[in-house]
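Listed here are the chains, written in short residue letters.
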Protein chains: 2
Amino acid sequence: MTPASERPHVVIVGAGFGGLTAARAFRRSDVDVTIIDENNHHTFQPLLYQVATATLNPSDITAPIRHVLRSQKNATVLLAEVVGIDVANQNLTVDEGEGRSGVIHYDYLILAAGARHSYFGHDEWEPIAPGLKGINDALEIRRRFLLALERAELSDDPEERKEYLTIVVIGGGPTGVELAGLIPDVLRGIRRDFRRIDPSRMRVVLVEGGPRLLAAFPQEISDHALADLHSLGVEVRLNSVVSRVEPGVACLGSGECIETRTIFWAAGNAASPLGKMLGVPLDRAGRVIVESDLSVPGHPEVFVIGDMATLKDSRGVQVPWVAPAANQEGKRAADNVTRRIRDDKTVPFRYFNKGNLATIGRYKAVADFGSFRVTGWIAWWFWLFVHIMYLVGFRNRLSVLLQWAYSYFTYQRGVRLITHADTERRARVTRGT
Amino acid sequence: MTPASERPHVVIVGAGFGGLTAARAFRRSDVDVTIIDENNHHTFQPLLYQVATATLNPSDITAPIRHVLRSQKNATVLLAEVVGIDVANQNLTVDEGEGRSGVIHYDYLILAAGARHSYFGHDEWEPIAPGLKGINDALEIRRRFLLALERAELSDDPEERKEYLTIVVIGGGPTGVELAGLIPDVLRGIRRDFRRIDPSRMRVVLVEGGPRLLAAFPQEISDHALADLHSLGVEVRLNSVVSRVEPGVACLGSGECIETRTIFWAAGNAASPLGKMLGVPLDRAGRVIVESDLSVPGHPEVFVIGDMATLKDSRGVQVPWVAPAANQEGKRAADNVTRRIRDDKTVPFRYFNKGNLATIGRYKAVADFGSFRVTGWIAWWFWLFVHIMYLVGFRNRLSVLLQWAYSYFTYQRGVRLITHADTERRARVTRGT
C-alpha cells in the first residue's frame with residue numbers, strides 16, 4: 001500500500017479531530033497522504049453521550065472518513081489497525097483484518113490515535129463499567145441503559161428493581177457531567193411507556209474523585225454545574241474515589257456501597273499504546289512527551305498530537321486534551337512536516353484557548369471563555385450553535401438539528417434501539433467476567 | 001408477570017405487523033394484553049434492504065414497542081424470548097435473559113412470531129450467506145457490503161479484488177429484487193470516495209430458482225423488473241438453483257461457479273419454531289395449518305397469524321405472507337378472541353388484496369393492483385407514498401423522507417457506518433465456519 005510515486009509519503013494514524021485536520025492541511029501539498037484508522041468513520045466525540053442516551057443516531061455524529069476526504073486526491077484512506085512501529089526503518093506494521101498484515105513505509109509520520117479511559121490499574125472493571133470513547137462504547141452504554149429499564153419493568157423483586165433503577169456515573173469531567181445531566185431528561189421523556197415502574201424516579205449518582213466537578217473550568221462554573229445537577233435530581237459525590245466495582249455494586253473510598261446494575265466510566269485517560277512503541281519518555285497516562293514543534297525527541301520525522309501527546313506550549317501553558325487543541329496541533333504538525341520537506345525550520349506549537357463548554361440537561365449549559373463566563377440558557381444556545389457548526393457534513397448537521405428539535409419539543413427519545421449485535425458483545429462480556 | 005386482575009389475559013407473541021395490529025385492536029377491550037418480543041422494537045421489514053444498503057438508519061424503520069403502545073393502558077410489553085408452550089395448561093415459558101426464566105399463563109394466545117429464511121437443509125450456509133429478516137441482519141449485511149469495498153480498495157491482487165467486487169444475491173422475490181436493484185445506485189453514489197477501485201463497476205448477480213422474478217406478481221410485472229435490473233447492470237440468472245455455498249464461492253446447478261466474497265440470502269422461508277410446539281400439523285415451511293377463523297385445530301383459545309400461519313381464506317384464496325395480510329389477520333384474530341370471550345361465533349378470515357409493490361433502484365418500481373398494473377416512476381412515487389404512510393410514528397416518517405431526499409438528490413449514502421459490535425459477530429461467524 002506504499003505509493004509508488006516520488007513524492008514524500010506522509011502517514012497519519014487516527015482519523016479523530018487531530019488526524020483528520022492534519023490530513024486536510026495537506027490538500028494542496030505535493031505529498032502522498034495515507035490516513036489509517038481502525039474504523040471507517042470519524043466520530044464527533046463531544047456528542048457521544050447523546051448517542052449513549054438514545055437521543056442521536058450513531059450516523060448523526062459520524063462521517064465515513066473516505067467521504068470526508070473524497071475530493072482530496074492526494075489522500076488515501078486505509079481501514080486497518082497499526083500494530084507495530086519500526087522508527088529506525090520508518091515502517092508501520094498494520095493488521096488489515098481476516099488474518100492479513102501489511103507493512104507501510106513512511107517518510108513522515110503523524111500519530112493521532114487518541115486515548116481510552118483509564119481504570120487506574122483495575123482493567124477488570126471495564127466489562128462492568130464501560131467507558132465512552134467511540135461509537136461502539138456509546139451503543140453498549142445505550143444497550144445497558146435501555147435494558148436496565150426493561151429488567152426493572154420485568155422484575156417482581158423490589159430490591160432487584162431498585163438496583164436496576166440506579167445508575168452510577170464515575171468521573172465528574174465534561175463527559176460524566178453531560179451524561180449524568182441528560183439521563184433525567186431522557187427518563188422523563190419515556191415515563192409513559194412503562195406500566196410497573198416510573199423511569200423518572202431512577203436514581204442517578206455522579207462520583208468525582210476531586211473536590212469539584214469540571215476541574216478544567218473555573219470554580220464558578222463548577223458550582224453552577226453542581227447546582228444544575230442537583231436541581232435535576234442527580235446525586236453528586238465529591239472527593240469520592242471508587243474503591244471497588246463488582247457486578248451489582250460500586251463502592252466508594254468512604255465505605256459507601258451503591259447497589260446498581262448500571263455503572264458508566266468517565267474517569268481518567270490512557271493514551272493509545274502506540275506511543276510506547278516509539279521508545280521515548282511518556283507521562284503517567286502513557287502520552288508522548290513531545291518537543292515544542294510536536295515532533296518526537298530524536299525523530300524529527302515523527303509527530304504526535306492530540307490525546308496521545310503532552311506538552312507545555314511556547315508560553316508555558318499545558319495544552320489540554322480537548323478537540324480544539326487536537327485540531328490546532330493537527331494543523332501545526334502538517335505545517336511542520338511541510339517545513340521539514342522544504343528544509344525550513346519548524347515552528348513551535350502555540351495553543352489558542354477558544355473556551356470550554358458543557359451542557360447539563362435541557363436548556364442548561366456552562367461556558368468559560370477565559371475573559372468571560374456564561375451559564376444558563378444563553379450558554380446552552382451557544383453550545384448548540386458550536387456543536388452544529390463543527391459537525392462534519394451538511395447531512396449530519398441537519399439530521400442532528402432535527403433530532404434535537406424532536407427530542408426537545410416532544411420529550412421523546414426516538415433512537416431507543418436495543419440491537420442484537422450487542423448480544424454478541426454481552427456474551428463476550430459475560431465470559432470475560 | 002401474569003396480571004392479577006379478573007379480566008381475560010391475552011398474550012401475543014411477536015410485535016411484527018400482525019402482533020402489533022392485534023394488540024392495538026384490543027385497545028378498547030376489557031382484557032389484559034401482554035405482548036412478548038425478543039426485541040424492544042417493531043421493525044418495518046419492507047424497508048430493511050434500505051438499512052442493509054446504508055440508505056436509512058436502523059432507527060428510521062423501527063419504533064420501540066413500548067412507545068407504540070404507550071397510551072394503551074391495558075397493554076404490557078415484555079422483552080423476552082418464548083422458549084416453550086404448554087397448550088394443555090395454557091402456559092408459556094419465557095427466557096428473560098441473564099439466565100432467568102418465567103412462566104406466563106394465558107387465557108388466549110395469538111402467535112405472530114414470523115419466519116426466518118430457509119436454507120433448504122443447508123443451515124451451514126447461513127454464516128456465509130446471511131439473510132435479511134431483522135435489523136441485526138440488515139446491520140450485518142451493511143457491514144459486509146461496506147467491508148467488501150474496503151478490502152477491494154486495500155487488495156493488491158487483481159483476482160482477489162475481483163472477488164471482493166462481486167456480490168451475489170440469492171432469491172428473486174421482492175427482497176432479492178429490491179436489494180439487487182438498490183446496490184448499483186448506492187455504488188454510484190460513493191464512487192468518488194475510493195482511489196484504487198471504481199465501486200460502480202462492481203458485479204451484482206441475482207440468482208432465482210424459478211423461471212421468473214417476483215413470482216407472486218403477474219408475468220408482465222416480472223418482465224418489467226427483469227428489464228429494469230438489466231438496465232441497471234445487474235446480471236440475472238433464472239432457473240438457477242444454488243448447489244454449493246462456500247467462503248469465496250457460490251455455485252449454481254448449471255455448474256457455473258461465481259467467485260465472490262459477498263453472498264446475501266433472500267430465498268425461502270422457515271416459520272418460527274414455536275409452531276412446532278403446538279403439536280398440530282404444519283406445512284413444509286413449518287407454518288401452522290390454521291382453521292378458517294385463524295385458530296389452531298383443537299385449541300380454540302390459540303390463534304396463529306402472519307408468516308407463521310397458512311390457510312386458504314373463505315373464498316379459497318391462499319393468503320400470501322405479506323405485511324397487509326398479517327395486519328388483516330391480526331385484526332381478525334383479535335376480534336375472534338373478543339367473540340370467544342363473549343361466547344359468540346367466530347368469523348372466518350377473508351383476505352383483501354391491496355396489491356403488490358416493489359421498487360427497483362432509483363425512481364423505478366412495479367405495482368400490481370389486480371385490476372390494473374403500474375410500472376416506472378408513477379409506481380415509484382406510489383411506493384414512496386405507501387411506505388411513508390405505513391411507517392409507525394411521525395418522527396420515522398419525517399426522518400425517512402429527509403434521508404431519502406438527501407440520498408436521491410446527492411447520490412450520497414450517509415449511513416455508511418461499520419460498527420465494532422459487528423466485529424464480535426464476525427469473530428463468531430469465523431469460528432462457526
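Residues numbered from 1 in each chain as written. Chains lettered and ligands numbered in written order. Predicted model: local features only at pLDDT ≥ 70, side-chain atom pairs only at ≥ 80, totals over all residues. Heavy atoms only, no water.

Caption draft 1: Spotlight on the state of the cysteines. Residues and elements named next belong to chain A. Applying the stated criterion across every chain, the model contains two disulfides over all chains. Through a disulfide, Cys251 is tied to Cys257; the S-S separation comes to 2.0 Å. Taking the torsion about the sulfur-sulfur bond, which here is approximately 105°, the covalent link between Cys251 and Cys257 counts as right-handed. (Disulfide = S-S within 2.5 Å.)

Caption draft 2: How the structure looks around helix H1 (residues 17-25) of chain B. Residues and elements named next belong to chain B. Among the nine residues of H1, seven are classified as buried, and the element is accordingly described as predominantly covered. Residues of H1 that are buried: Phe17, Gly18, Gly19, Leu20, Thr21, Ala22 and Ala23. Turning to H1, the residues buried within the fold contact strand E1 (9-13), strand E2 (32-37), strand E3 (41-43), helix H3 (65-68), strand E9 (108-111) and helix H8 (323-341). (Buried < 20%, exposed > 50% of the residue type's maximum accessible area, 1.4 Å probe, protein only. Helix = DSSP H or I, 4+ residues; strand = E, 2+ residues; numbered from the N terminus. Contact = heavy atoms within 4.5 Å.)

Caption draft 3: Seen up close, unusual backbone geometry. One non-glycine residue, Phe120 of chain A, lies in positive phi territory at about 50°. One can find Phe120 of chain A in the loop between strand E10 (115-117) and helix H4 (135-154). We classify Phe120 of chain A as exposed; its relative accessible area is 55%. Not every positive phi belongs to a glycine, and Leu214 of chain B is a case in point at roughly 45°. Tracing the backbone shows Leu214 of chain B in the loop between strand E12 (203-207) and helix H7 (219-231). Of the residues examined, Leu214 of chain B reaches a relative accessible area of 0% and is grouped as buried.

Caption draft 4: Expanded view of the pairing of strand E8 (residues 100-105) of chain B. All names here are of chain B. Where strand E7 (residues 91-97) meets E8, six bridges bridge the pair, whose relative direction is antiparallel. When the sheet's bridge partners are listed, Thr93 is paired in E8 with Val103. From the end of E7 to the start of E8, which pair antiparallel, there are two residues, and Glu98 there has a positive phi angle of about 50°. (Pairing = 2+ DSSP bridges.)

Caption draft 5: Looking closely at a positive patch on the surface. Residues and elements named next belong to chain A. A surface patch of like charges, here positive, comprises Arg24, Arg27, Arg28, Lys331 and Lys354. Relative to the assigned elements, Lys331 resides in helix H8 (residues 323-341). Residue class for Lys331 comes out exposed when judged on its relative accessible area of 55%. (Patch = residues over 30% accessible without salt bridge, like charges linked within 9 Å, V, L, I, M, F, W, Y side chains within 5 Å. Areas by Shrake-Rupley, 256 points an atom, 1.4 Å probe, with all protein chains shown as cover. Salt bridge = Lys/Arg side-chain N within 4 Å of Asp/Glu carboxyl O. Lys, Arg positive; Asp, Glu negative; His and termini not counted. Charge placed at Lys NZ, Arg CZ, Asp CG, Glu CD.)

Caption draft 6: Region of the structure containing the pairing of strand E6 (residues 81-86) of chain A. Residue and element names in this part refer to chain A. In this structure, E6 lies alongside strand E7 (residues 91-97), joined through five bridges in antiparallel fashion. Residue pairing across strands places Val82 opposite Val94, the latter belonging to E7. Linking two consecutive strands that pair antiparallel, namely E6 and E7, is a turn of four residues; a positive phi of about 60° is found at Gln90 within it.

Caption draft 7: Looking closely at the packing of H1 of chain B against H8 of chain B. All names here are of chain B. Here H1 crosses H8 at 35°, and the two axes come no closer than 7 Å. For the pair H1 and H8, the sense of crossing is right-handed. Residues Phe17, Gly18, Thr21, Ala22 and Ala25 of H1 lie in contact with H8, whose contacting residues are Ala323, Ala326, Asn327, Gly330, Lys331 and Ala334. Residues that form the contact of H1 with H8 fall into these classes: six nonpolar, four polar and one charged. (Axes fitted to C-alpha atoms, helices over the stretch in contact; angles between N-to-C directions. Left-handed = near helix turned anticlockwise from the far one by under 90°. Nonpolar A, V, L, I, M, F, W, Y, C, P; charged D, E, K, R; others polar.)

Caption draft 8: Region of the structure containing the sheet that holds strand E21 (residues 299-304) of chain A. Residue and element names in this part refer to chain A. One open sheet holds the six strands; their spatial order is E5-E2-E1-E9-E21-E20, and the pairing between them is mixed. Strand pairing shows two members of the sheet lacking a second neighbour, strand E5 (75-79) and strand E20 (295-296), which therefore form its edges. Strand direction decides the pairing type here: strand E1 (residues 9-13) and strand E2 (residues 32-37), joined by five bridges, are parallel. The residue of E2 that forms the bridge with Ile12 is Ile35.

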